[in-house]
Amino acid sequence: MTRAVALVCTLNASPAPSSSQLLADQIMTELTGLGVSGETIRIADHEVRPGIARDTGDGDAWPALREKAMEADIVLLSTPIWLGHPSSLCQRVLERLNADISETDDQGRQLTYGKVGLAAVVGKEDGAHKVSADLFQGFSLAPGAVTYWVGEAQHGTDYQDLERTPESVTSTTRTLAANAVHLSRLLNDDPYPPS
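Residues numbered from 1 in each chain as written. Predicted model: local features only at pLDDT ≥ 70, side-chain atom pairs only at ≥ 80, totals over all residues. Heavy atoms only, no water.

### Regarding the pattern of salt bridges
Within the structure shown, the criterion is met by nine salt bridges. A salt bridge links Asp100 to Arg54; its shortest N-O distance comes to 2.5 Å. Here Asp100, found in the loop between α3 (88-97) and β5 (116-123), pairs with Arg54, found in the loop between β2 (37-42) and α2 (62-71); they are 46 residues apart in sequence, far enough to count as distant. Residue Asp100 is classed as buried on the basis of its relative accessible area, which comes to 5%. Take Arg54: its relative accessible area is 36%, and that puts it in the partly exposed class. Asp100 is paired through a salt bridge with Arg66; the nearest N and O atoms lie 2.7 Å apart. Here Asp100, found in the loop between α3 and β5, pairs with Arg66, found in helix α2; they are 34 residues apart in sequence, far enough to count as distant. Each member of the pair, Asp100 as well as Arg66, carries the same accessibility label: buried. (Salt bridge = Lys/Arg side-chain N within 4 Å of Asp/Glu carboxyl O. Helix = DSSP H or I, 4+ residues; strand = E, 2+ residues; numbered from the N terminus. Buried < 20%, exposed > 50% of the residue type's maximum accessible area, 1.4 Å probe, protein only.)

### Quick word on the pairing of strand β6 (residues 146-150)
As defined by bridge partners, β5 adjoins β6 across five bridges and the pair is classed as parallel. Opposite Val122, over in β6, you have Trp149 as the bridge partner. Between the parallel pair β5 and β6, the chain is carried across by helix α4 (residues 128-135), and the sense of this crossover is right-handed. (Pairing = 2+ DSSP bridges. Right-handed = clockwise from strand over helix to strand, strands pointing away.)

### Side note on the nonpolar core
Nonpolar side chains in soluble globular proteins tend to be buried together. Judged by nonpolar contacts, the single largest core of 53 residues is most densely connected at Leu7, Ile27, Leu31, Ile43, Ile74, Val93 and Leu118. The element contributing the most residues to this core is helix α5 (residues 167-189), with seven residues. Every residue in contact with Leu118, bar those within four places of it in the chain, is listed here: Ile27, Ile74, Val75, Leu76, Leu77, Phe136, Ala145, Leu176 and Ala180. (Core = buried A, V, L, I, M, F, W, Y, C linked by side-chain atoms within 4.5 Å. Contact = heavy atoms within 4.5 Å.)

### Points about the pairing of strand β1 (residues 3-8)
The element β1 is largely enclosed, with a buried count of five among its six residues. The pairing of β1 with β2 spans six bridges and is classified as parallel. When the bridges of β2 are listed, Leu7 appears paired with Ile41. Since β1 and β2 lie parallel, the crossover through helix α1 (residues 19-33) that links them has a hand, and here it is right-handed.

### Overview of the packing of aromatic side chains
The description of an aromatic ring pair uses the distance of the two centres, along with the angle that the planes make with each other. According to the stated counting rule, one finds two aromatic pairs in the structure shown. Where Trp149 meets Tyr159, the ring centres are 5.8 Å apart and the plane angle is 45°; that geometry is what we call tilted. Taken together, the positions of Trp149 in strand β6 and Tyr159 in the loop between β6 and α5 put the pair 10 residues apart, joining distant regions of the chain. Trp149 gets classed as buried once you look at its relative accessible area, which sits at 13%. (Phe/Tyr/Trp six-rings, centres within 6.5 Å; stacked < 30°, edge-to-face > 60°.)

So this is what it looks like as structure tokens:
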């Protein structure tokens, strides 16, 4: 069975409401409807320390979270936009994932090569394409690998405060999920060649 993990990088710990969590949940619902099992993890609920290391020592939650990401076929990073960049927690996740950049499987492929990457971006400013480009390092991408909602600049409405999800977000999320599952299944059946 295809597995997915959503790493939600809102700055708010549970149970605070979060637009990044809402969009990630909508994506995971679409993936579940396509036969994917999954788990959503809010990074702010865990002690993920800064650094480029697999394990920074006693109390570091990253090793267990990393294991979940390495076991998944599809990895979703969900983040708000802050000053035109992913959140600081998302940057921290990227740094921690970078600890594995020189690690390879027994055939010389980077550990993330066969994983499909997805991005969910929310915010009150432009920059969703730039932020998604920051997130995709090392993952395989299906067409339309990002879904996002950005409100009017300096406006007070959050994604979670909308009365209903805009159709453009709903259809993009549906396509993102279908394409990701399709690519993931192709890669599981026929992995990239050895390096």
